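If you want the building blocks of each chain, they are given just below.
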Amino acid sequence: KIVTVKLNKHCYDIIIGSGLIAQAVSKIKHYLHQKSSHQIRLAIVTDKNVAAFHLNTLQTKLAENEIYTIPIIVEAGEQSKSFPILQNVIDKILVARLERGDSIIALGGGVIGDLAGFAASIIRRGMHFIQMPTTLLAQIDSSVGGKTGINSPYGKNLIGTFYQPQCVIADTDVLNTLPSREFRAGYAEMVKYGLINQPHFFEWLEKNWQKVFSKGPIQIEAIARSCQFKADIVTHDEHETGQRALLNLGHTFGHMLETATTYDSNRLIHGEAVAIGIILAHQFSEQLNLISPTVTQRIKAHFKTVGLPTQLQDIPGKLPDAETLMTFIAQDKKVSQNNLTFILTRALGQSFIAKNVSPNAVLTFLKQKLMKS
Ligand code: NAD
Ligand code: ZN
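Within any chain, residue numbers begin from 1 and follow the written order of that chain's sequence. All chains are assigned letters beginning at A, and all ligands numbers beginning at 1, according to the order in which they are written. This being a predicted model, a pLDDT of at least 70 is required before a residue's local features are given, and a value of 80 or more before pairs of side-chain atoms are given or counted; all residues contribute to the totals for chains, interfaces and linings. For side-chain calculations, the full set of non-hydrogen atoms in the structure is used, while hydrogens and water are omitted.

This brings us to the sheet that holds strand E4 (residues 68-74). Pairing within the open sheet is mixed, and its seven strands lie in the order E1-E2-E9-E6-E5-E3-E4. At either margin of the open sheet sits one strand with a lone partner, and together these are strand E1 (2-6) and E4. The mean angle between the axes of side-by-side strands here comes to 20°, regardless of whether they run parallel or antiparallel. Between any two strands, at least two bridges found by DSSP are needed for them to pair. Secondary structure counts use DSSP, requiring at least four H or I residues in a row for a helix and at least two E residues in a row for a strand, with both numbered from the N terminus. As judged from the six bridges shared by strand E5 (residues 103-108) and strand E6 (residues 128-133), these two strands associate in the parallel manner. Across the sheet, residue Ile-104 finds its bridge partner in E6, namely Phe-129. The contact criterion used throughout is that any non-hydrogen atoms of two residues lie within 4.5 Å. Every axis in this analysis is a line fitted to C-alpha atoms, fitted for helices over the stretch in contact. Angles between the N-to-C directions lie between 0 and 180 degrees. Running at roughly 160° to strand E3 (residues 41-47), helix H2 (residues 48-64) makes contact with E3, E4, E5 and E6 of the sheet.

Quick look at the structure:
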């Protein structure tokens, strides 16, 4: 399946399917508009886990076609989205004398996509870039839309660029080696797309989730529908001045929980924090009399069925108090003056951007939620 992302200055394809790494050579040549493989030089940025499973397959295919590759392997995990690692990646690319017309492939999850994409955007003012996302989250979310970047001690993703790839090659076969916990976390973002403004997609997921979790055409369809959804939002709002903010459903509370649990060994992973964040955003909408509790209960039931956490009580370890949690929300970049911007909802699958949420209302809400735990 192919989903095309249409932007003002640039259009690119997301190719989704089984066996794509094996066919990578023809795709790469096609999208880099190269007739002869001799001129193609590629840096493959990946992490240790992904390298162990998939780097060899890709490199062998490329080598058979006399495509010269430089593997750059970083540690797995969020810590790699940092200045020291970025510099390391950049140095390796420059030492190998890759030039502007050469390309960088990101083979990995969102961490690798963000890091390699950022490097590609600033080396020689922009090198060709290809995404080969290997997590469900990266295939449906982070590889679509062109946000790249690293973290700062002052917050996540604060340093970065908008930079679009030449193409995205999402081989669903690589999901076979993805730990199930990571798969579920990515699935939370898929459910989010339904809850933003496609109740039918949410209902479809409720019926078909088991097939989405296993290899086959339904899984590919679910990924393609998710990419299409995100691509449409990005097309209309490439630089997040309006509707793109809807993608933050569940993320204000989600980031708060990620920050609160950063130093825990049992840390929540992003999609898990988002799952709880989505439920909290719906419960907060209940409190504002926007929706009835049945809406939240239905989503909660679905998350439980697939094994995602749904409440603060599901988080191992002790959480900080509500005041401290509020400071994590205030650090998030979506704050302006004394009003918070939240994504709230009017019904199942009818979310909207609320720009004037009072921090006091959120504080009171959090206090209640913590009391119950
Ligand atoms: P990740 O890249 O850390 O991958 C999760 C784990 O799975 C890692 O340990 C990785 O080594 C492993 N892994 C990846 N693919 C594998 C495979 N096929 N088989 C076995 N193991 C595999 O995390 P993620 O969830 O993919 O992405 C999270 C990151 O994405 C965050 O940094 C987040 O900020 C970013 N993100 C960016 C955007 C964007 O628009 N740019 C959107 C959402 C998230
Ligand atoms: Zn997310």
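Glancing now at the site of ligand 1. The near set for a molecule or strand comprises every residue that places at least one heavy atom within 4 Å of it. Taken together, 26 residues are adjacent to ligand 1, and Asp-47, Glu-78, Thr-134, Thr-135 and Thr-177 come closest. Glu-78 places a side-chain nitrogen or oxygen 2.8 Å from an oxygen atom of ligand 1. One of the side-chain nitrogen or oxygen atoms of Lys-156 is found 3.2 Å away from an oxygen atom of ligand 1. Compared with its free state, where it exposes 870 Å², ligand 1 has 89% of that area covered by protein. Contributions of two or more residues to the shell around ligand 1 are made by H2, helix H4 (110-122), helix H5 (136-142) and strand E8 (155-159). For the shell around ligand 1, a count of residues per class yields eight nonpolar, nine polar and nine charged. Polar contact criterion, stated in full: a pair of N or O atoms within 3.5 Å, where within protein one must be able to donate a hydrogen and the other to accept it, and residues adjacent in sequence count only if both atoms are side-chain atoms. Here the accessible surface of atoms and residues is derived via Shrake-Rupley with a 1.4 Å probe, and residues count as covered only by protein chains that are part of the display. Amino acids outside the nonpolar list (Ala, Val, Leu, Ile, Met, Phe, Trp, Tyr, Cys, Pro) and the charged list (Asp, Glu, Lys, Arg) are all regarded as polar, and Gly is one of them.

Okay, the coordination of the zinc ion (ligand 2) next. Each donor-metal-donor angle in an ideal tetrahedron of four donors is 109.5 degrees, and each such angle in an ideal octahedron of six donors is either 90 or 180 degrees. At 2.0 to 2.1 Å from the zinc ion (ligand 2) lie its protein donor atoms, namely Glu-189 (OE), His-251 (NE2) and His-270 (NE2). Donor atoms are limited to N, O and S found within 2.8 Å of the metal ion, a distance that becomes 3.2 Å for Na, K and Ca. With water left out, some sites might look partial. One chain supplies every donor for the zinc ion (ligand 2), spaced along it as E-x61-H-x18-H. Pair noted here: Glu-189 is in helix H6 (residues 180-197) and His-251 is in helix H9 (residues 251-260), with a separation of 62 residues, a long-range link. The exposure classification of Glu-189 matches that of His-251, with both residues buried. When a residue's accessible area, from a 1.4 Å probe over protein chains only, is under 20% of the maximum for its type it is buried; when over 50% it is exposed; and in between it is partly exposed.

The quantities given are spatial measurements derived from coordinates; they are silent on function.
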